[in-house]
Amino acid sequence: MEQSNITRKSAARRQRFQKMRQLQGSTLTVCFFALVLLLGLISLFSSDRAFSDTENRALAQRPKFTWDGAASGQFGKDFSAYTADQFPARNFWVKLNNKCERILGKEEISGVYICDDDYLIETPSAPNEEELAKNLAAINTFVEGHSELDFHVCIVPNAIYVMQDKLPKNAPGQDQAKGIEQIRQQLSGVNFPDVTKILCAHKDEALYYRTDHHWTSLAASYAFSQLAPSMAISPVSDYDIYTVSSSFEGTLANKCGIAPQKDIIEIYVPKTDVIYNVTFSGTSETGEETPVSRSMYVRERLNDKNQYTVFFGGNYPLVTIDTTADCGRTLLMFKDSYANCMVQFLYPYFDHILMVDPRYYTGSVASLIRQNNVTDVLFFYNYSTFTQDTSLANALMY
């Protein structure tokens with residue numbers, strides 16, 4: 001009799017347990033579908049974002065349906081990329097995933113190495129050999145077609161090379177010094193200053209931001225000391241240095257969700273009588289309108305997430321700097337964002353500087369040269385951008 005009661009009680013407990021499991025499963029199923037429905041409604045009524053400050057890149061937009069695209073599978077790939085980029089609260093989920101990975105001890109998260117001395121360094125990307133060859137050939141052709149101009153090429157190494165001693169153990173680096181030398185050997189008719197050695201000689205200083213992929217004004221000042229003689233410039237030796245931010249958290253911190261400490265942004269103002277005025281043409285890569293500022297420093301950007309855009313407010317198709325230098329020289333500069341903090345050192349030595357970002361510029365380069373009496377041309381890029389650029393060759397054709 002006692003055994004029978006025990007059996008009945010055990011069976012009852014199993015039934016209650018099974019009912020609880022069924023109820024739990026049903027609840028989770030309802031919650032899951034409710035969450036999917038909620039996210040779907042949010043996505044339906046939310047406008048698509050064009051740019052991610054967190055990832056510092058343009059986001060995929062809704063692809064246009066075509067039967068050819070559907071048949072080839074391209075539409076499916078594009079729509080998948082679109083839904084991933086426009087997923088509601090995407091930044092939250094990415095950061096949550098990154099924090100979980102960090103808790104598990106990972107030293108590389110979302111393409112960012114977690115390095116010594118609280119540095120975040122972007123993982124290396126292999127050069128796009130096909131596009132690089134096109135760009136080098138286009139530069140050589142451009143130089144040959146404008147023999148009356150003085151040409152200069154400056155390729156800046158990234159933190160992955162200069163600060164390689166801070167990388168996690170066994171993390172693959174990148175021999176950018178070798179890559180830059182190979183680029184130099186494939187170009188002719190250009191001045192090609194070496195800025196790698198001086199940066200490596202000062203690698204223990206704050207040459208790159210701890211939380212961002214850009215270099216600092218200090219690094220640019222060292223590079224300028226090598227660039228100036230190559231461009232027949234006798235630079236001033238004295239600057240007023242101002243700290244404009246001590247709260248900068250850059251794109252790498254945003255990508256991996258980790259910011260061990262905030263960065264300081266400094267600007268260098270040459271002690272010179274030369275004054276300047278800046279004119280912006282077009283909208284920035286984030287779709288923002290032209291800044292009101294006529295200065296190369298757009299202080300309003302210090303209120304934005306990406307405070308590095310204090311330099312010129314970001315990247316624009318064309319930026320024109322007119323100065324009172326009265327030296328008879330005009331510089332045409334093909335550039336990426338590394339150049340934005342270099343121009344503060346260059347402006348006293350040219351009557352005009354035309355900053356062209358080939359990623360966004362659609363005008364005629366030949367017309368720029370002719371209409372502005374250009375005397376010097378400078379290609380100024382960081383190594384990573386230059387070896388993956390897909391726009392320079394096309395820009396030089398027009």
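Details of the structure are given in the entry above.
Here is a short report on the structure shown in this document. (Residues numbered from 1 in each chain as written. Predicted model: local features only at pLDDT ≥ 70, side-chain atom pairs only at ≥ 80, totals over all residues. Heavy atoms only, no water.)

### A word on the overall build of the protein chain
Scanning the protein chain for helices and strands turns up 14 helices and 13 strands. The buried share among the 398 residues of the protein chain stands at 45%. Taking the intrachain contacts of the protein chain between residues at least 6 apart in sequence as the baseline, contacts between residues at least 24 apart amount to 70%. (Helix = DSSP H or I, 4+ residues; strand = E, 2+ residues; numbered from the N terminus. Buried < 20%, exposed > 50% of the residue type's maximum accessible area, 1.4 Å probe, protein only. Contact = heavy atoms within 4.5 Å.)

### Let's talk about helix 9 (residues 217–230)
A rise of 1.5 Å per residue sets the reference length of helix 9, with its 14 residues, at 20 Å; its end C-alpha atoms lie 20 Å apart and thus fit the reference within 8%. With ten of its 14 residues buried, helix 9 lies for the most part within the structure. Taken residue by residue, helix 9 has S217, L218, A219, A220, S221, Y222, A223, F224, L227 and A228 as its buried positions. Turning to helix 9, the residues buried within the fold contact strand 6 (150–156), helix 8 (196–201), strand 7 (239–248), strand 8 (263–270), helix 11 (343–346) and strand 13 (376–382). Immediately beyond the C-terminal end of helix 9, within one or two residues, lies A232, with a positive phi of roughly 60°. (Expected span 1.5 Å × (residues − 1).)

### What to know about the environment of Y268
Along the chain, the position of Y268 falls in strand 8. For Y268 and Y239, which are 29 residues apart along the polypeptide, the C-alpha to C-alpha distance reads 5.9 Å. Contacts of Y268, omitting those with residues within four sequence positions, involve S217, L218, S221, Y239, D240, I241, Y297, Q344 and F345.

### A closer look at the nonpolar core
Grouped together as the largest cluster of nonpolar side chains are 66 residues, with contacts concentrated most on L199, W215, F311, F312, M342, L346 and F380. In terms of residue count, the dominant contributor to this core is helix 9 (eight residues). Those residues in contact with L199, other than ones at most four positions away along the chain, are V156, P157, V162, L207, Y208, W215, A219 and Y222. Counting residues in each nonpolar core, the second largest holds 33 residues, with V143, F192, F334 and V377 among its members. (Core = buried A, V, L, I, M, F, W, Y, C linked by side-chain atoms within 4.5 Å.)

### Here we look at the sheet that holds strand 5 (residues 120–122)
Spatially, 3-4-5 is the arrangement adopted by the three strands of the open sheet, whose pairing is antiparallel. Strands at the two margins of the open sheet, each flanked by one partner only, are strand 3 (108–109) and strand 5. In the sheet, strand 3 pairs with strand 4 (residues 112–114) via two bridges, with the strands oriented antiparallel. Note on strand 4: the bridge partner recorded for I109 is V112. (Pairing = 2+ DSSP bridges.)

### Things to note about the pattern of salt bridges
Tallied over the entire structure, the rule returns twelve salt bridges. Across the salt bridge formed by R359 and D357, the nearest N and O atoms sit 2.7 Å from each other. Residue class for R359 comes out partly exposed when judged on its relative accessible area of 36%. Taking the relative accessible area as the measure of exposure, D357 reaches 0% and is therefore buried. (Salt bridge = Lys/Arg side-chain N within 4 Å of Asp/Glu carboxyl O.)

### Concerning the sheet that holds strand 10 (residues 318–323)
Strand order in the open sheet formed by six strands is 6-13-11-12-10-9, and the pairing between neighbours is mixed. With one partner strand each, in any of the chains shown, strand 6 and strand 9 (276–281) form the two edges of the open sheet. Averaged over all neighbouring strand pairs, the angle between strand axes comes to 15°, with direction disregarded. Contacting strand 10, strand 11 (330–335) and strand 12 (352–356), helix 12 (residues 365–372) runs over the sheet at an angle of about 160° to strand 11. (Axes fitted to C-alpha atoms, helices over the stretch in contact; angles between N-to-C directions.)

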